[in-house]
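Summary of the model geometry
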Amino acid sequence: MSNLPILPAIGDELKKNEKEVTRTVLACTKCEEQVTREYKEGDIVFHEPDGEICKSCSSQMIIKQIFVEIVKKK
Ligand SMILES: [Zn+2]
């Protein structure tokens with residue numbers, strides 16, 4: 001299993017050109033496949049969302065982690 005993304009330090013001030021983006025990490029229930037995508041309303045850790053299928057083995061994905069990332073605005 002690969003390393004988890006690093007969480008930004010809480011309390012860090014956002015710079016002008018930065019914004020917070022909430023992301024969801026999905027992990028396959030059968031293999032090592034892991035996908036990070038943008039957070040969607042209703043995402044809950046350890047929930048198995050309908051229609052989120054592993055690209056490698058077509059098994060159900062489970063929400064492993066939800067985290068906030070600071071990204072630069074375009
Ligand atoms: Zn899989």
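The structure reproduced in this document is the subject of the present report.

Each value, and the rule that gives it
- Residues numbered from 1 in each chain as written.
- Predicted model: local features only at pLDDT ≥ 70, side-chain atom pairs only at ≥ 80, totals over all residues.
- Helix = DSSP H or I, 4+ residues; strand = E, 2+ residues; numbered from the N terminus.
- Buried ≥ 20, exposed ≤ 12 C-beta atoms within 10 Å, placed from the backbone.
- Contact = placed C-beta atoms within 7 Å.
- Pairing = 2+ DSSP bridges.
- Axes fitted to C-alpha atoms, helices over the stretch in contact; angles between N-to-C directions.

What follows deals with the overall build of the chain. Along its length, the chain carries zero helices and three strands. Along the chain, helices and strands appear, N-terminal first, in the series β-β-β. Buried positions account for 7% of the 74 residues belonging to the chain. Long-range contacts, defined as pairs at least 24 residues apart, comprise 58% of the intrachain contacts of the chain with a sequence gap of at least 6.

In this model, Phe46 sits at a positive phi of 75°, which is unusual for a non-glycine residue. Counting through the fold element by element, Phe46 comes out in the loop between β2 (34–38) and β3 (61–72).

On to the pairing of β2, then. In this sheet, β2 lies alongside strand β1 (residues 18–28) in antiparallel orientation, the contact comprising five bridges. Following the sheet pairing, Arg23 is matched in β2 by Glu38. Turn length for the β1-β2 hairpin, with the two strands adjacent in sequence and antiparallel, is five residues.

Here we take up the environment of Gln65. On the secondary structure map, Gln65 appears in strand β3. Residues Gln65 and Phe46, spaced 19 residues apart in sequence, show a C-alpha to C-alpha distance of 7.9 Å.

Our next topic: the sheet that holds β3. Within a sheet, each strand pairs with its neighbour through backbone hydrogen bonds, oriented either parallel or antiparallel. With antiparallel pairing, three strands are arranged side by side in an open sheet as β2-β1-β3. Looking at the sheet topology across the chains shown, the edges are occupied by β2 and β3. Across this sheet, the average inter-strand angle for adjacent strands is 25°, counted without regard to direction. Note: β1 against β3, 11 bridges, orientation antiparallel. Residue pairing across strands places Cys28 opposite Met61, the latter belonging to β3.

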